[in-house]
Amino acid sequence: EQAEYLFVEALDGLASRLVGPCDIFIGMSGMSTRTATAVRRKYGAQIWIERGSCHIMTQKETLARLSDTMRGTRQVSDRAVQRELADYELADTIVVPSRHVARSFTERGTPPEKLFRNPYGVDLGMFPATDKPTTETATVLFVGTWSLRKGCDLLWKAYQAAQSWRLVHVGSVGDAPLPSSPFFSHREPVPQWQLAQQFKEADVFVLASREEGLSLVQMQALACGLPIVCTDCTGGEDLREELDDKRWITVVPAENITMLREAIGQALTLSRSQFGTRDILGARREVFSWKAYGERYAAELEMRLRNRRAAIASA
């Protein structure tokens, strides 16, 4: 933690001395305080801060609750809180990826007009629609760190209550113990370009996270044709609103094991209705691309620049 803090301080200090003239400065939350202060003082620039997760105090409270359950869960330091809060205060605009992240800010007093919500994109060429698997046993897939933050204990309890499918995990192991069961398989992390094969072999993708910004792996699984079950802490509701057929994404309250289990069962039934190539996105596919993400960002930048210049001209 000390090394990370010193690195961030050094990077921010160096950037604050080297940054050139700009109308808008975009910085990462918790890493940009000195640089943002410098560009505002030198150039009168607008400050945009990118925050990929919930408000730092919401995140801190969530992880603190988890540490009561399992020691070893990484906590949010007081230094990180101070830097994050300073960046939020400096920002003219805070860029967030999902509705639930935006809510974590407005619930703590941030004006809604200070937020710009722009869901992330995915490399669609790397994650094509896949054919339905031919295995008899239904397979539920989770990709990511096996941890309490990702709700892996909840996912396993949902399996134990159902016992009608097998669970496959792809990724590293964090602060939650791996189950010991013939119906559970753990696979080590694979490169991004190999993930499509993992999706191809599964029927449903599940993300039971307690705290998340907008998980990219949900979009990757969706692009490969898998129905998604996720909690309201994953950004899944933002993805669902873009689908023509909303059935392919089910959002349940975080930590509700009963609803999670029932949703997985319904998603497995839905997956059995798929035949041939599983193309869930259809004509909406490009909406989930990085190109679309960039176009939304560019349009917002242009609009706010025009508003800024109009305000200066009328002053």
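Here, every reference points to the structure presented above.
These numbers were taken from a predicted model, which means no experiment stands behind them.

J.: Where do I start with the sheet that holds strand E1 (residues 24–28) in this structure?
T.: Note: strands within a sheet are paired through backbone hydrogen bonds, in either parallel or antiparallel orientation. The sheet built from 4 strands is open, its strands ordered E1-E2-E3-E4 with parallel pairing. What marks the edges here is a single partner per strand, and that holds for E1 and strand E4 (115–117). Taken pair by pair, the neighbouring strands of this sheet meet at an average axis angle of 25°, ignoring direction. Of the strand pairs in this sheet, strand E3 (residues 93–96) and E4 are connected by 3 bridges, and their pairing is parallel. Bridge pairing in E4 links Val 95 to Phe 116. Against the sheet, helix H11 (residues 290–314) touches E1, strand E2 (46–50), E3 and E4, its axis set at about 155° to E2.

J.: Looking at this structure, I do not really get the side chain of Thr 139. What am I missing?
T.: Tracing the chain through its elements places Thr 139 in strand E6 (residues 139–143). Take Thr 139: its relative accessible area is 2%, and that puts it in the buried class. Polar side-chain contacts of Thr 139 include one of 3.0 Å to the side chain of Arg 166.

J.: Which parts of the structure should I look at to understand the sheet that holds strand E8 (residues 184–187)?
T.: Reading across from one edge, E8-E7-E6-E9-E10-E11 is the order of the 6 strands in this open sheet, with parallel pairing throughout. Strands with a single pairing partner mark the edges of an open sheet, and in this sheet they are E8 and strand E11 (249–252). Each neighbouring strand pair of the sheet contributes to a mean axis angle of 20°, computed without reference to strand direction. Bridge count for strand E9 (residues 204–207) against strand E10 (residues 228–231) is 3 bridges, and the pairing is parallel. Within the sheet, the bridge partner assigned to Val 206 lies in E10 and is Val 229.

J.: How should the packing of helix H6 (residues 152–162) against helix H10 (residues 257–271) be read in this particular structure?
T.: Helix-helix packing: each pair is described by the crossing angle between the helix axes and the interaxial distance. Between H6 and H10, the shortest axis-to-axis distance is 9 Å and the interhelical angle comes to 65°. Of the two possible hands of crossing, H6 and H10 adopt the one that is right-handed. Side by side, H6 and H10 meet where Leu 154, Leu 155, Lys 157, Ala 158, Ala 161 and Ala 162 of the first sit next to Ile 257, Leu 260, Arg 261 and Ile 264 of the second. In terms of residue class, the contact of H6 with H10 is made up of 8 nonpolar, no polar and 2 charged.

J.: It is not clear to me how unusual backbone geometry should be interpreted in this structure. Could you clarify?
T.: With glycine set apart, most residues show a phi of negative sign, and most peptide bonds adopt trans. The phi dihedral of Gln 163 is positive, around 50°, even though this residue is not glycine. Looking at the secondary structure, you find Gln 163 in the loop between H6 and strand E7 (166–170). A positive phi angle is found at Glu 255, which is not glycine, with a value near 75°. By secondary structure assignment, the location of Glu 255 is in the loop between E11 and H10. Here Glu 255 falls in the partly exposed class, since its relative accessible area comes to 46%.

J.: Sorry, what's going on with the environment of Ala 91 here?
T.: Structurally, Ala 91 can be placed in the loop between helix H4 (78–90) and E3. A relative accessible area of 6% places Ala 91 in the buried class. It is 48 Å that separates the C-alpha atoms of Ala 91 and Phe 183, two residues lying 92 residues apart in sequence. Those residues within four positions of Ala 91 in sequence are excluded, and the remaining contacts are Ile 47, Ile 49 and Lys 114.

J.: What should I look at first to understand H6 in this one?
T.: Counting along an α-helix, one turn takes 3.6 residues, and residues three or four places apart therefore face a common direction. Those residues of H6 lying buried are Cys 152, Leu 154, Leu 155, Trp 156, Ala 158 and Tyr 159. Looking at the packing, one finds that the buried side of H6 touches E6, E7, E8, E9 and H10. Taken from the residues just after H6, Gln 163 is the one with a positive phi, measuring 50°.

J.: Even after reading the chapter, I still don't get the packing of helix H1 (residues 2–18) against helix H2 (residues 33–43), so can you show me in this structure?
T.: In the contact formed by H1 and H2, the axes pass within 7 Å of each other and the chain directions differ by 15°. The orientation of H1 relative to H2 falls into the category roughly parallel. The handedness of the crossing between H1 and H2 comes out as right-handed. Residues Glu 9, Asp 12, Gly 13, Ala 15, Ser 16 and Arg 17 of H1 pack against Thr 33, Arg 34, Thr 35, Ala 38 and Lys 42 of H2. In terms of residue class, the contact of H1 with H2 is made up of 2 nonpolar, 4 polar and 5 charged.

J.: Even after reading the chapter, I still don't get the layout of surface pockets, so can you show me in this structure?
T.: Over the atoms rolls a probe the size of a water molecule, and in doing so it shows where empty space is left. The calculated volume of the second largest pocket comes to roughly 180 Å³. Lining the second largest pocket we find Val 143, Val 170, Gly 171, Pro 189, Val 190, Gln 192, Leu 195, Leu 214, Ser 215, Leu 216, Val 217 and Gln 220. For the lining of the second largest pocket, the element with the highest residue contribution is helix H8 (residues 216–223), accounting for 3 residues. In terms of residue class, the lining of the second largest pocket is built from 8 nonpolar, 4 polar and no charged.

J.: So what exactly am I meant to see when it comes to the packing of aromatic side chains here?
T.: Aromatic ring pairs are described here by two measures, namely the spacing of the ring centres and the angle between the planes. Under the defined criterion, the tally for this structure stands at 16 aromatic pairs. When the centroid spacing of 5.7 Å and the interplanar angle of 80° are considered together, the rings of Phe 116 and Tyr 297 count as edge-to-face. Residue Phe 116 is located in strand E4, and its partner Tyr 297 is located in helix H11; the two are separated by 181 residues in the primary sequence. Just as Phe 116 is buried, Tyr 297 falls in that class too. Judged by centre distance (6.1 Å) and plane angle (55°), the ring pair of Tyr 120 and Tyr 293 falls under tilted. Placement of Tyr 120 in the loop between E4 and strand E5 (130–131) and of Tyr 293 in helix H11 is noted, with a sequence separation of 173 residues between them. With a relative accessible area of 19%, Tyr 120 lands in the buried category.

Calculation rules
- Here, residues in each chain are numbered from 1, in the same order as that chain's written sequence.
- Reporting in this predicted model follows two pLDDT cut-offs: at least 70 for local features of residues, and 80 or more for side-chain atom pairs to be given and counted; totals over whole chains, interfaces and linings ignore these cut-offs and use all residues.
- Computation of side-chain values covers all heavy atoms of the structure but excludes hydrogens and water.
- One bridge is not enough; two strands pair if DSSP finds at least two bridges between them.
- Only DSSP runs of H or I with at least four residues qualify as helices, and only runs of E with at least two residues qualify as strands; both kinds are numbered from the N terminus onward.
- Throughout, an axis means a line fitted to C-alpha atoms (over the contacting stretch in the case of helices), and angles, computed between N-to-C directions, take values from 0 to 180 degrees.
- Every residue pair with non-hydrogen atoms within 4.5 Å of one another is taken to be in contact.
- Only protein chains enter the accessibility calculation, which uses a 1.4 Å probe; a residue whose area is less than 20% of its type maximum is buried, one above 50% is exposed, and one in between is partly exposed.
- Distance and chemistry together define a polar contact, namely a pair of N or O atoms within 3.5 Å, with one atom able to donate a hydrogen and the other to accept it when in protein, and with adjacent residues in sequence counting only for side-chain atoms on both sides.
- Left-handed is the label given to a crossing in which the near helix is rotated counterclockwise from the far helix by less than a right angle, and right-handed is the label when the rotation is clockwise.
- Three residue categories are used. Nonpolar comprises Ala, Val, Leu, Ile, Met, Phe, Trp, Tyr, Cys and Pro, charged comprises Asp, Glu, Lys and Arg, and polar comprises the others, including Gly.
- Comment on the angle field: the value is read as roughly parallel under 35 degrees, roughly antiparallel over 145, roughly perpendicular from 65 to 115, and oblique elsewhere.
- Definitions used throughout: a 1 Å grid over protein atoms alone; a cavity as a set of points that fits a 1.4 Å probe which cannot get out; a pocket as an open set with protein on both sides within 12 Å along at least five of seven lines; a lining residue as one with an atom within 4 Å of a point.
- Grid points are joined across faces, edges and corners, and a volume is the space filled by probe spheres set on the points.
- To pair, rings of Phe, Tyr and Trp, with the six-membered ring standing in for Trp, must have centres within 6.5 Å; the planes then decide the type, stacked if under 30 degrees apart, edge-to-face if over 60, and tilted in the middle.

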